[in-house]
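What follows is each chain in one-letter form.
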Amino acid sequence: MSARLLEGGPVAARIKQSVVDKLMGIPLGRRPKLTAVLVGDDPGAKFYARSQAKGCEEVSLRYELVELPADISEGDLVLKLRELNNDDDVTGIILMMPVPEHIDGRAMQGLIDPLKDVDGVHPVNLGHVVQGKMDLAPCTAQAIIELLDEAEVDYYGAEVVIVGHSEIVGKPTALLLLDRFATTTVCHIGTSDKGMLAHHTREADILIVAVGVAGLITKEHIKPGAIVIDVGTNRQKDPETGKTRIVGDVVAADAMEVAGMVTPVPGGVGVVTSAILLRNLVTCAELQGKV
Ligand code: NAP
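Procedures and definitions
- Residues numbered from 1 in each chain as written.
- Predicted model: local features only at pLDDT ≥ 70, side-chain atom pairs only at ≥ 80, totals over all residues.
- Heavy atoms only, no water.
- Core = buried A, V, L, I, M, F, W, Y, C linked by side-chain atoms within 4.5 Å.
- Buried < 20%, exposed > 50% of the residue type's maximum accessible area, 1.4 Å probe, protein only.
- Helix = DSSP H or I, 4+ residues; strand = E, 2+ residues; numbered from the N terminus.
- Domains from an automatic or database assignment.
- Contact = heavy atoms within 4.5 Å.
- Pairing = 2+ DSSP bridges.
- Axes fitted to C-alpha atoms, helices over the stretch in contact; angles between N-to-C directions.
- Polar contact = N/O pair within 3.5 Å; in protein donor to acceptor, adjacent residues only side chain to side chain.
- Near = heavy atom within 4 Å.
- Areas by Shrake-Rupley, 256 points an atom, 1.4 Å probe, with all protein chains shown as cover.
- Nonpolar A, V, L, I, M, F, W, Y, C, P; charged D, E, K, R; others polar.
- Salt bridge = Lys/Arg side-chain N within 4 Å of Asp/Glu carboxyl O.

**Notes on the nonpolar core**
- Of all hydrophobic cores here, the largest spans 56 residues; its most connected members are Leu-148, Leu-177, Ile-208, Ile-227 and Ile-229.
- Ranked by the residues each element gives to this core, the list is headed by helix α11 (residues 269-287), at nine residues.
- When we break this core down by domain, the ones giving at least three residues each are domain 1 (26-115) and domain 2 (137-270).
- Ile-227 has contacts with Leu-6, Leu-148, Ala-151, Val-153, Asp-205, Ile-206, Leu-207 and Met-261, leaving out every residue within four places of it along the chain.
- Among the nonpolar cores identified, the runner-up in size contains 17 residues, and Val-161, Cys-187, Ile-217 and Ala-255 belong to it.

Here you go:
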């Protein structure tokens, strides 16, 4: 059996087109603006900021990167976030993670105006997810749903297993799936430590993996014919070329052999997540009555 690839590209293109269509006729200077706040110089956060800027440029959204020194005090960061909250020209705010250790990133995210919370991480927006509203749900959780919709999944009563229970991926995805009447199981480190991971994942019609451990999921974890959504993004050195490459949490060759459909890494969840960020910015503008 050879699985079909569930590519993110076409889904991302459709989402970006919806952004372009919504903003048709609005001059560039009046278009929504995403302001990213980068504290320090984490290379991963910088890379992500560059790709955000590129994504915004592609669909003619405005983008601004506010770079703050790594030793900024939490108090000064609070002031900066308040200033951005009050700035009518700023439509969406994203605090780039990770922040330096002396700063409580989650607390700072909670200070962003929920209507400008383009990342969907404010407790108010997470609360909306509990109520089944997807407007400003975390980008990756929305991306997973978009990919499953693309695969024309019948959610009703489907056995879904999510590996990973983070606040931005596992938990909100589980809630969005519950709302679609999937039978949802969430596995985490405790499941693995008890040696029960494969026991659960093997039952999954839809297996979603968001852990950050390359190769965690192998053939023995996958039900034949299942849909596998690999969220993991891990940097790995290719033993042959010595070059760094991005791999998922799922052994791709195993998934291709056993599953029915698999998202590639890269080119799956990540590209859709980037497109959702742009759509969320437009949603922020709509919620603020700006478009
Ligand atoms: P996270 O906050 O570190 O969460 C990882 C989760 O995996 C935690 O719930 C953790 O449980 C659990 N876990 C750790 N080891 C495990 C194991 N051996 N077996 C089962 N569960 C285990 O990470 P995240 O932000 O959700 O991201 C997860 C991965 O997705 C990362 O590779 C990240 O780079 C990637 N990601 C990709 C995108 C994208 O757009 N493609 C977006 C977001 C994240 P405990 O907390 O209990 O230890």
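**Re the pairing of strand β10 (residues 244-247)**
- Two elements, strand β9 (residues 234-237) and β10, share four bridges in a ladder whose sense is antiparallel. Within the sheet, the bridge partner assigned to Asn-234 lies in β10 and is Val-247.
- Adjacent in sequence and paired antiparallel, β9 and β10 are bridged by six residues, among which Gly-242 carries a positive phi angle near 80°.

**Details of the sheet that holds strand β7 (residues 206-209)**
- Spatially, six strands are ordered β1-β11-β8-β7-β5-β6 in an open sheet, and the strand pairing comes out parallel. Each edge of the open sheet carries a strand with a single partner, namely β1 (4-5) and β6 (183-187).
- With two bridges joining them, strand β8 (residues 227-230) and strand β11 (residues 261-262) adopt parallel strand pairing. Its bridge partner lying in β11, Ile-227 is registered against Met-261.
- Packed onto the sheet, helix α7 (residues 170-178) meets β5 (159-163), β6 and β7 and runs at close to 170° relative to β5.

**Section: the side chain of Asp-238**
- Tracing the backbone shows Asp-238 in the loop between β9 and β10.
- Side-chain polar atoms of Asp-238 contact the backbone nitrogen of Thr-241, separated by 3.4 Å.
- Setting aside residues no more than four positions away along its own chain, Asp-238 makes contact with Lys-243 and Arg-245.

**What about the site of the ligand?**
- Around the ligand sit 20 residues, and of these His-165, Ser-166, Ile-189, Ser-192 and Thr-233 come closest.
- Between the ligand and His-165 there is a distance of 2.7 Å, counted from an oxygen atom to a backbone nitrogen or oxygen.
- Thr-273 has a polar side-chain atom sitting 3.1 Å from an oxygen atom of the ligand.
- Taking 920 Å² as the accessible area of the ligand by itself, protein coverage stands at 68%.
- Listed by contribution, the elements that provide at least two residues to the shell around the ligand are α8 (189-193) and α11.
- When the residues that make up the shell around the ligand are grouped by side-chain class, the tally is eight nonpolar, 12 polar and no charged.

**Description of the pattern of salt bridges**
- Applying the stated criterion to the full structure yields 14 salt bridges.
- For the salt bridge of Asp-88 with Lys-290, the shortest nitrogen-to-oxygen distance reads 4.0 Å. Residue Asp-88 is found in the loop between α3 (74-86) and β4 (92-95), and its partner Lys-290 is found in the segment after α11; the two are separated by 202 residues along the sequence.
- The class of Asp-88 is exposed, set by a relative accessible area of 61%.
- One salt bridge connects Arg-106 with Glu-167, and the closest N-O pair in it is separated by 2.6 Å. Of the two residues, Arg-106 is situated in helix α4 (residues 105-109) and Glu-167 in the loop between β5 and α7; the sequence distance between them amounts to 61 residues.
- Judged by its relative accessible area of 34%, Glu-167 falls in the partly exposed class.
- A single network of salt bridges, built from pairs that share partners, joins Arg-14, Glu-146, Glu-150 and Arg-279.

**A closer look at the domain arrangement of the chain**
- Once the domains are mapped, the chain shows domain 1 (26-115) and domain 2 (137-270).
- One C-alpha centre belongs to domain 1, the other to domain 2, and the line joining them spans 29 Å.

**Describing unusual backbone geometry**
- Omega for the peptide link from Met-97 to Pro-98 comes to 5°, which places this bond in the cis form.
- For the peptide bond that leads from Val-265 to Pro-266, omega is -5°, which places it in the cis range.
- By the secondary structure assignment, Pro-266 is in the loop between β11 and α11.
- Positive phi, close to 55°, is recorded for Ser-60, a residue that is not glycine.
- Within the fold, Ser-60 resides in the loop between α2 (43-58) and β3 (62-68).
- Its relative accessible area of 34% is what places Ser-60 among the partly exposed residues.

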